[in-house]
Amino acid sequence: MKADLIIKNIDNLITLKGPNRPRVKEEMEDIGLIKNGIVATRGDRIVYVGKGELPEDIERHEETIIIDGKGKTLTPGLVDSHTHLVHGGSREHELAMKLKGATYLEILEAGGGIHNTVKETRRASFNELYEKAKKSLDIMLSFGITTVEAKSGYGLDDFDTEIKQMEVAKKLNEDHPVDVVSTFMAAHAIPPKYKDNPRAFMDLIIDEMIPYVAKKRLAQFNDVFCEKGVFTIDETRDILLAGMEHGLLPKVHADEIEPLGGAEMAAEIGCISAEHLVAASDRGIRMMAERGVIATLLPATSFNLQTGKFARARRMIEEGVAVALATDYNPGSCPTENIQLVMSLASIIMKLTPEEVITAVTINGAAALKLEDEIGSIEVGKKADLVIFDAPNLDYIIYHFGINHTDKVIKAGKIAFEKHNNIL
Ligand code: IZC
Ligand code: ZN
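Description of the structure in this document. Quick caveat: nothing in here was measured; it's all calculated off a predicted structure.

1. Details of empty space enclosed by the protein
So, step 1. Under the counting rule described, the total for this entry stands at three cavities of 30 Å³ or more.
So, step 2. Considered as a void within the structure, the largest cavity measures approximately 90 Å³ in volume.
So, step 3. Forming the walls of the largest cavity are 13 residues, and the residues nearest its centre are His-84, Tyr-104, His-188, Asn-330 and Ser-333.
So, step 4. Residues belonging to the lining of the largest cavity are distributed by class as follows: four nonpolar, six polar and three charged.
So, step 5. Space inside the second largest cavity adds up to approximately 50 Å³.

If you want it as structure tokens, here you go:
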């Protein structure tokens, strides 16, 4: 067989080799490290992973690209499994409010926050949303992200705006090297006109929006912001169950700020993932472990909310919950695309080891998007999504924080990003 691309002499080849399912407990430490590694790809697939030289049956052709991995660390493409990628405007004015002590929920309650972004997203044209999100995708790619989830939720009861967001995500998935997985999330805030009657808004979501989104295949997942002043546990359950009836897989923003019991509910109905979980209870964590619900943790959000409260990641791992990490990129609670910063925060503040961190942004992130058979580890037959870090080892990427360590990103077998030379 002839390879199209070969990366050799890799100081630290981190394969994440193992079962195609979320990794738990000490499995999260087992990163399948190969010293002096070599990887070969053909088309969009990985065809060889090993040590030293290629076996004889893998040959070069005239145009085979050879990359020297000396001094480098190679990982699977990073998976950002929780973002609000497509939106209009930005909310930097909230910074001064937060510095004066206003909380995220107070700003939302006063008609700002998400409602502000709803106005901007309604106003923006398809092209404006596309260009803005594309810019973010380029930045994400530069940090090593090769697959990203994108939630709607800035149209709310304005279904056309919800659809516009999902259509933008779909078009970006077609046009951009980064794969975009779409999540429907009209249940992101209560629109002002439904303030006294949230059930009427839920009826709209359940009876009209969900069936349409599922039929048109605009999203694969369904998500709800279950939070004090937003959707209650019972309301969240009803919306997620309605989505499941139409084949939309359930995800939930759970116990981010107030301990409502979102983790318990996620386990009860079998969510693919519960996200945030800063205030998740012991019982909720145990139930998630039993039911196999992935915990998608978002430490950059905790950092930016200025509450000093972070999810109890160590406890979750000890209890057997599979942990994924994501940026939560959005204009309010987490305006950053920098997943490498998220990785450092997860380690420095939440005390995950570098091995657990890389597992959380690769195979566990892939599993949170139901893509564990396709991506998330460097194994023969999987998609050739690879990141070459200009770093001598994994610890270095996390320890030397706040900067971008990416040297090259290979997406589906093609070089999609190179340091100093973005050749999109
Ligand atoms: O725009 O504030 N938490 N949703 C739930 C968000 C943050 C996004 C936003
Ligand atoms: Zn979110």
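Moving on, there is more to tell.
2. Considering the site of ligand 1
So, step 1. By nearness alone, every residue bordering ligand 1 is listed as His-84, Arg-91, Tyr-104, Ile-114, Tyr-154, His-188, Phe-225, His-253, Glu-256, Asn-330 and Ser-333.
So, step 2. At 2.6 Å from an oxygen atom of ligand 1 is found a side-chain nitrogen or oxygen belonging to Tyr-154.
So, step 3. Note that a nitrogen atom of ligand 1 is positioned 2.7 Å from one of the side-chain N or O atoms of His-188.
So, step 4. When each cavity is represented as a set of grid points, ligand 1 is found to reside in the largest cavity.
So, step 5. Grouping the amino acids of the shell around ligand 1 by side-chain chemistry returns four nonpolar, five polar and two charged.

3. Here's the deal with the pattern of salt bridges
So, step 1. Counted under the stated rule, the structure contains 32 salt bridges.
So, step 2. Between Glu-149 and Lys-151 there is a salt bridge, and its shortest N-O distance comes to 2.8 Å.
So, step 3. The class of Glu-149 is buried, set by a relative accessible area of 0%.
So, step 4. Connected through salt bridges with shared partners, the residues Glu-149, Lys-151, Asp-223, Lys-251 and Glu-275 form a single ionic network.

Rules used in this analysis
Note that residues are indexed from 1 along each chain, following the sequence as it is written. Both sets of labels track the order of writing: A upward for chains, 1 upward for ligands. Two thresholds apply to this predicted model, a pLDDT of at least 70 for residue-level local features and 80 or more for giving and counting side-chain atom pairs, whereas whole-chain, interface and lining totals are computed over all residues. Derived side-chain values reflect all non-hydrogen atoms in the structure, with water molecules and hydrogen atoms excluded from consideration. Only protein atoms enter the 1 Å grid used here. Points where a 1.4 Å probe fits but cannot escape make up a cavity, open sets with protein on both sides within 12 Å along at least five of seven lines make up a pocket, and a residue lines them when an atom lies within 4 Å of a point. Grid points are joined across faces, edges and corners, and a volume is the space filled by probe spheres set on the points. Basically, the charged four are Asp, Glu, Lys and Arg, the nonpolar ten are Ala, Val, Leu, Ile, Met, Phe, Trp, Tyr, Cys and Pro, and anything else, Gly included, counts as polar. We call a residue near a molecule or strand whenever a single non-hydrogen atom of that residue lies within 4 Å of it. N or O atoms within 3.5 Å of each other form a polar contact, as long as, within protein, one can give a hydrogen and the other can take it, and as long as residues adjacent in sequence are counted only when both atoms are side-chain atoms. Placement in a cavity or pocket follows one criterion, namely that more than half of the molecule's atoms lie within 2 Å of its grid points. By convention in these notes, a salt bridge is any Lys or Arg side-chain nitrogen within 4 Å of a carboxyl oxygen on Asp or Glu. Remark: exposure states derive from per-residue accessible area (1.4 Å probe, protein chains only) relative to the maximum for the residue type, with buried under 20%, exposed over 50%, and partly exposed in between.

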